[in-house]
Amino acid sequence: MSDKVFKLVGAGAAIGAAALAKQISEKGWKAVMASDPPANPEDPDTELWEAIAWAVASGAVIALARMLATRQWTKYYTKSTGHAPDNANDVS
């Protein structure tokens, strides 16, 4: 498997994980806050505390999901090929 294929599949896994994490973040917000997350946190009409809370919560969940997906893909690649990818840190 070439580095290009590794990076392409890794990027796809990271994007998929981020999309799933966004959905999870939204559902978590609704469960905790009993309201929808801010549609546009940059909008001045959105409460500042709510915009910050949403940015922190969703950003952390999405970053964690991307990191875990990338780690799993790198682990799979290494196990399959017998060596770590040349630029494993450049996947996402």
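Before going into details, it helps to say that this report is about the structure given with it.

What counts and what doesn't
- Residues numbered from 1 in each chain as written.
- Predicted model: local features only at pLDDT ≥ 70, side-chain atom pairs only at ≥ 80, totals over all residues.
- Heavy atoms only, no water.
- Helix = DSSP H or I, 4+ residues; strand = E, 2+ residues; numbered from the N terminus.
- Rg over C-alpha atoms; globule rule 2.2 N^0.38 Å.
- Contact = heavy atoms within 4.5 Å.
- Salt bridge = Lys/Arg side-chain N within 4 Å of Asp/Glu carboxyl O.
- Buried < 20%, exposed > 50% of the residue type's maximum accessible area, 1.4 Å probe, protein only.
- Expected span 1.5 Å × (residues − 1).
- Phe/Tyr/Trp six-rings, centres within 6.5 Å; stacked < 30°, edge-to-face > 60°.

**Here's the deal with the overall build of the protein chain**
Phase 1: From N to C terminus, the protein chain includes two helices and zero strands.
Phase 2: In terms of overall size, the protein chain is more extended than a compact globule, its C-alpha atoms giving a radius of gyration of 17 Å where 92 residues would be expected to give roughly 12 Å.
Phase 3: The dimensions of the protein chain, computed from C-alpha atoms along their principal axes, are 50 × 25 × 15 Å.
Phase 4: Considering only intrachain contacts with a sequence separation of at least 6, the fraction spanning at least 24 residues in the protein chain is 60%.

**Description of the pattern of salt bridges**
Phase 1: Per the stated rule, a full pass over the model turns up two salt bridges.
Phase 2: Glu26 is the salt-bridge partner of Lys22, the closest N and O atoms lying 3.1 Å from each other. Here Lys22 and its partner Glu26 are both found in helix 1 (residues 3-33), four residues apart, which amounts to about one turn of the helix.
Phase 3: Lys30 is paired through a salt bridge with Asp36; the nearest N and O atoms lie 3.5 Å apart.
Phase 4: Since its relative accessible area comes to 42%, Lys30 is described here as partly exposed.
Phase 5: Look at Asp36 and you get exposed, because its relative accessible area is 51%.

**Concerning helix 2 (residues 48-81)**
Phase 1: In a regular helix each residue adds 1.5 Å, so 34 residues correspond to 50 Å; helix 2 covers 49 Å between its end C-alpha atoms and thus fits that length.
Phase 2: Turning to helix 2, its buried residues are Glu50, Ala51, Trp54, Ser58, Ala69, Thr70, Trp73, Thr74 and Tyr77.
Phase 3: Each element contacted by the buried residues of helix 2 is listed here: helix 1.
Phase 4: Gly82, located one to two residues past helix 2, shows a positive phi value of around 85 degrees.

**Observations concerning the packing of aromatic side chains**
Phase 1: The final tally for this structure, using the stated rule, is four aromatic pairs.
Phase 2: Aromatic pair Phe6 and Trp73: ring centres 6.0 Å apart, planes at 15 degrees, arrangement stacked. You can see Phe6 sitting in helix 1 and its partner Trp73 sitting in helix 2, a full 67 residues away along the chain.
Phase 3: Note on Phe6: relative accessible area 1%, which makes it buried.
Phase 4: Aromatic pair Trp29 and Trp54: ring centres 5.5 Å apart, planes at 85 degrees, arrangement edge-to-face. One end of the pair, Trp29, is in helix 1; the other, Trp54, is in helix 2, and 25 residues separate them in sequence.
Phase 5: The class for Trp54 is buried, based on a relative accessible area of 10%.

**A look at helix 1**
Within an α-helix, residues lying three or four positions from one another point in the same direction, as the helix has 3.6 residues per turn.
Phase 1: End to end, helix 1 covers 43 Å across 31 residues, agreeing with the expected 45 Å (1.5 Å per residue, within 8%).
Phase 2: Listed in full, the buried residues belonging to helix 1 are Phe6, Gly10, Ala14, Ala17, Ala18, Ala21, Ser25 and Trp29.
Phase 3: Just downstream of helix 1 lies Ala34, where phi reads positive at about 60 degrees.

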